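Spelled out from the first residue to the last, the chains are:
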Amino acid sequence: MLDFLSQERALIAAFIIFALFISLGVSIYVGVKQSALRAKDEVFGDPERTKGGWYWALCGISALLLIWFYFSWGIGRAYFPDAGNEMCQSAKIDEAISPITAALPMKSRYYKSTTLVVRNVEQLADIEARLPVDAFSTAEQRRLLTVIDQTRTIISAFSNPENQNPESFASLERIAVDLDRVTAQINAGYQGMQPSAKALSQPKWGVAEEEIPLLPMTAKGVLFDLAAGEIKEISKAFLKLRNKSDEADQLIIQTKADIAGLKEAIRQSTGDDRIDKLRAAYVKSVERIYKRVDDGTIFPADALNTVNASVTQLYQAVESAKGSLSFVETVFFPGQGVVKSKTICSEQGPGRWLPKPTDVVATFGKLANPDIESGGGYKGTTLLWWKWLPVADVVAFLIPDGLVDMLPGDYARHQSDGSFVPNYKDKLLAVAQGNIWLGSIPMLDGHIWDSLFRVIVAMGFGILLGVPLGIYMGVSRFFKSFFDPLIELYRPVPPLAWAPLILTIFGIQDDGKIFLLFMVAFAIMVISARTGASGTQLSKIRASHSLGATDRQILRYVILPNAMPEILTGIRIAIGVCWGTLVAAEMLAGTTGVGFIENVARTVSDYELIWVTILIMGVLGLIFDLVMRWVISKTIPWRGKG
Amino acid sequence: MSDLICDNLCMTFTNPQTGGAVEALKDVSFTLKEGELLSVLGPSGCGKTTLLNMVAGFINPTGGSVALGDKTIEGPGVERGMVFQQGALFEWLPVTKNVDFGLRMKKMDEDEAEALVLKWLDIVGLQGFGDTPTYQLSGGMQQRVALARCLVNDPDVILMDEPLGALDALTREKMQSLILELWKETGKTIMIITHSVEEALLLGERLFVMAPRPGRIHKEYKLPFAELGLSESLREIKKLPDFNSVREEILTMIWDMEEEIMGGA
């Protein structure tokens, strides 16, 4: 069943998108009608005007989901499931022809030759101006200037169409003719072309590890695939092409010899290390420019005209062969389309980093599957499940081994017959180390539980220690003045700034993260409890004194309940901050937790998983807050009414 | 015999920043006999609340002493009950828990305490409101809770700091009657601070008009209206010529004091 759903995700998405459009339409219709109906209900600015409005909520959610579907290419994939494969085939043509287009002004404004000429002439002028006169003798300087000048002449020789020899001229023509042949093929259309059985058996778009099926699955795709194969060969030939010119060849031989001579000269030391280095560096930089122009990659400006025209025609042919695909690509696949590189076709733009909603759900489903053997969970841990937890482990966690060490007596030694009889300390040590079977209890398990557990434990300690301290700081001059500087100094430090230190001290296991979160929770709890305690109305304190309450009773029965609203608000804030810190801390180190999943997903660019973790964090954060809001409304209904 | 005796009470507040000293009270002496009803009136800043706070034991005088019977007052005590302007109720507790607060603090037997609480809720007119959260009560009812909370502890003296200041006129009149009733029924010594001349006249067997700079008792009256109020309607009393003439006299007195402060400032 799940497998079927996963296979047919494009179809399912099509239905969902249809439903979303309907709900968007209906909600806007209802909303507009309601607005007209209720326009005169209240004056503008009356808070009553914000009450209700489920239709706008529905409208917002539908719009958001539709935008998500659209930009993640979800709409495109749902209604044009073959488009991706066809775009992949046309991307193959792009990839195949890219060596040729790189030399032409189509993609980069200038001919590659023009760019080369401009850059190298500029650099020659620059290097000429920077000739270090104190490092070279007058004769050497003259030789260097000659080399620079000759290099310049080589550039101009290559640029002159009259120097171009017939052989290289003919090869360029051949490329153009070959390209035209492919163009004719494409123009002939794809009637009768058949995708191979192997291609048709490929997994659907987005279902397998490989995003877009590579082999052509439609007749149109087959045509593009074939064309791409031929163009690839033409490109290979083009890359081997060199501008041949006798004029330039002469100069190249000459300059090469000159440079060799100069290199010989600088090999002799002048006795000054600095000067030696300067000479070597300068000659090297002259040679570098020469080497850029000596291989015949500069063509006369008009030499590539025919190739350029052929490529343009080819693209036109591809465009017209694409037909409706062009339109679909522009409208439904925002971004840079499909790009083929080496062995895969991948989505570029938002389609890449914004996974389709259905894919996110599928990834979540895989993650939430508690059966690790069948590929569920993540890195050997479930997302949220339960397990049997040995009680001994809990006991061992609570009793430090050192406590047993402190008991009187020594641990037992082995006997003379080689046997070992444990005494009472050994037995207690076994308990403290968890080496004893005490039964087991069902316990939650999984990445989410690990994250929750850390927050809960840290919050527990934070509340248990922070609230009493905060209350005392609210009522005692000593406590306030003694602890205030300490807490105010460490509190403003961003929690993650402590992370490296704390992870070093406590290690990457739970204790470090819990301590980090504890620090966050503690400061917030102290401050909120203190605010609550010191905000107790003086008349209430006086009234309780007059009613015969002792100091301790006032603390327990007046100041503590009076501080409850602040304490609970503090807990709410602290949970939020802890949650944020935890996820970031889990990204630094650790082997479980929601932040850990995202961290691994990040390193392998698994955008679906990244979004799943983001959504999990968002939803859990929301749940925390809702629970706290509910607790607050239930436990302190008097809030703000005292 | 537990008379309230104030002997040459002085209170000087020192401003820690400027070092300047303000004499909030100077040489205030009076004796309030058991069962007397005293109202204290005066322009703002005359030290009437300071006087009350010292009697309650919330602040210690810088000179002189307060004693209840033969015991010098050194701090707040359960024998001097307080009623504050805003009630100062514990809003996290329902009415009964507010009323029995003092009893719970001294760990009285629960059944006994419950009977007492019911009795007092009945007296102040709050029967049936025991489980209501106090923040849901009106201002007048909150003050009734505050009265019950104070009286359930059976104090010797009841100190009221502008207890009806925040109430509307109608509720105020009802509460004034209630205070008079309670005074009669319990025979407690009551000291009321107020800024309403009418209220001071109605709720004072004795009335101190205080004057500022330094705070002192400017004039003392002995009035019949509280006694009258036990049998007659307060509205009728307010129409008496005697009542009106004293009211005019005191109003003029306070008016002049205010003028003097404004002129002197």
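This structure is a prediction, so every number in the text was calculated from the model and none was measured.

About the thresholds
Residues numbered from 1 in each chain as written. Chains lettered and ligands numbered in written order. Predicted model: local features only at pLDDT ≥ 70, side-chain atom pairs only at ≥ 80, totals over all residues. Helix = DSSP H or I, 4+ residues; strand = E, 2+ residues; numbered from the N terminus. Expected span 1.5 Å × (residues − 1). Buried ≥ 20, exposed ≤ 12 C-beta atoms within 10 Å, placed from the backbone. Arc of directions from axis to C-beta. Contact = placed C-beta atoms within 7 Å. Pairing = 2+ DSSP bridges. Axes fitted to C-alpha atoms, helices over the stretch in contact; angles between N-to-C directions. Bend = angle between axes of the 7 residues up to and from the residue. Core = buried A, V, L, I, M, F, W, Y, C linked by C-beta atoms within 7 Å. Domains from an automatic or database assignment. Parallel < 35°, antiparallel > 145°, perpendicular 65-115°, else oblique. Nonpolar A, V, L, I, M, F, W, Y, C, P; charged D, E, K, R; others polar.

Details of helix α12 (residues 246-267) of chain A
All names here are of chain A.
Here comes step 1: Given a rise of 1.5 Å per residue, 22 residues ought to cover 32 Å, and the 32 Å separating the end C-alpha atoms of α12 matches this to within 8%.
Here comes step 2: Listed as buried for α12 are Ala 248, Leu 251, Ile 252, Thr 255, Ile 259, Leu 262 and Ile 266. For α12, the arc enclosing every buried residue in end-on projection is 105°, short of the 170-degree limit, so these residues lie on one face. Along α12, exposed side chains directed more than 90 degrees from the buried face belong to Asp 246, Ile 253, Ala 257, Ala 260, Gly 261, Glu 264 and Arg 267.
Here comes step 3: Elements in contact with the buried residues of α12: α8 (138-159) and α13 (273-293).

Some points on the pairing of strand β4 (residues 63-68) of chain B
Residues and elements named next belong to chain B.
Here comes step 1: Pairing analysis gives five bridges linking strand β1 (residues 4-14) to β4, with the strands arranged antiparallel. Bridged to Leu 4 within β4 is Leu 68.
Here comes step 2: As judged from the two bridges shared by β4 and strand β5 (residues 71-72), these two strands associate in the antiparallel manner. Residue Leu 68 lies in a different strand from β5, and its bridge partner there is Lys 71.

What about the sheet that holds strand β8 (residues 189-193) of chain B?
What links the strands of a sheet is backbone hydrogen bonding, and the strands pair in either a parallel or an antiparallel sense.
Residue and element names in this part refer to chain B.
Here comes step 1: Pairing within the open sheet is mixed, and its six strands lie in the order β6-β7-β8-β3-β9-β10. Edge positions in the sheet fall to β6 (80-83) and β10 (216-222), since each has one partner strand and no second. Neighbour-to-neighbour, the strand axes of this sheet turn through a mean angle of 20°, independent of strand direction.
Here comes step 2: Pairing geometry for strand β3 (residues 37-41) and strand β9 (residues 206-211), over four bridges, is parallel. The partner of Leu 38 across the bridge, within β9, is Arg 206.
Here comes step 3: Packed onto the sheet, helix α5 (residues 139-151) meets β6 and β7 (157-161) and runs at close to 170° relative to β6.

As for helix α5 (residues 83-101) of chain A
Here comes step 1: The sharpest bend along α5 of chain A reaches about 25° and sits at Glu 95 of chain A, with the proline Pro 99 of chain A one to four residues further on.
Here comes step 2: A large share of α5 of chain A lies buried, amounting to 14 of its 19 residues.

Side note on the nonpolar core
The tendency in soluble globular proteins is for nonpolar side chains to be buried side by side.
Here comes step 1: Judged by nonpolar contacts, the single largest core of 133 residues is most densely connected at Leu 517, Ala 521 and Cys 578 of chain A together with Val 55, Ala 148 and Met 191 of chain B.
Here comes step 2: If we skip the residues at most four places from it in the chain, Met 191 of chain B touches Leu 32, Leu 38, Val 40, Leu 52, Val 55, Val 157, Leu 159 and Met 160 of chain B.
Here comes step 3: Within the second largest apolar cluster, 49 residues are counted, among which are Ala 135, Leu 179, Val 286 and Ala 303 of chain A.

Side note on the domain arrangement of chain A
Interfaces are often sized by the amount of accessible area the parts lose when they come together.
Here comes step 1: Split by domain assignment, chain A resolves into domain 1 (2-71), domain 2 (79-354), domain 3 (392-443) and domain 4 (446-635).
Here comes step 2: For domain 3 of chain A and domain 4 of chain A, the distance between their C-alpha centres works out to 35 Å.

Digging into the packing of helix α17 (residues 357-368) of chain A against helix α28 (residues 607-635) of chain A
All names here are of chain A.
Here comes step 1: Across the interface, α17 lies against α28 with an axial gap of 9 Å and an inter-helix angle of 75°. Our classification of the angle between α17 and α28 gives roughly perpendicular. On α28, the residues that touch Asp 359, Val 360, Thr 363, Phe 364 and Leu 367 of α17 are Glu 608, Leu 609, Trp 611 and Val 612.
Here comes step 2: The class makeup of the residues in the contact of α17 with α28 is six nonpolar, one polar and two charged.

Structural notes on the interface of chain B and chain A
Here comes step 1: At the interface, 21 residues of chain B touch 18 residues of chain A.
Here comes step 2: Of all the secondary structure elements, the ones that give two or more residues to the side of chain B that touches chain A are β6 and α3 (101-105) of chain B.

Thoughts on the domain arrangement of chain B
Residues and elements named next belong to chain B.
Here comes step 1: By domain assignment, chain B separates into domain 1 (1-79 + 157-255) and domain 2 (89-154).
Here comes step 2: Once you take the C-alpha centre of each, domain 1 and domain 2 turn out to be 25 Å apart.
Here comes step 3: In this assembly, twelve residues from domain 1 lie in contact with nine residues from domain 2.
Here comes step 4: With six residues, helix α6 (residues 169-186) is the single largest residue contributor to the side of domain 1 that touches domain 2.
Here comes step 5: Here the residues of the side of domain 1 that touches domain 2 are counted per class, giving nine nonpolar, two polar and one charged.

Examining unusual backbone geometry
Residue and element names in this part refer to chain B.
Here comes step 1: A cis amide bond, omega -10°, links Arg 213 with the succeeding residue Pro 214.
Here comes step 2: By the element assignment, Pro 214 lies in the loop between β9 and β10.
Here comes step 3: Notably, Asp 154 is not glycine yet its phi reads approximately 50°, a positive angle.
Here comes step 4: With respect to the helices, strands and loops of the structure, Asp 154 is situated in the loop between α5 and β7.
Here comes step 5: We classify Asp 154 as partly exposed; it has 13 C-beta atoms within 10 Å.
Here comes step 6: Of note in the backbone geometry, Arg 213 takes a positive phi value of approximately 55° without being a glycine.

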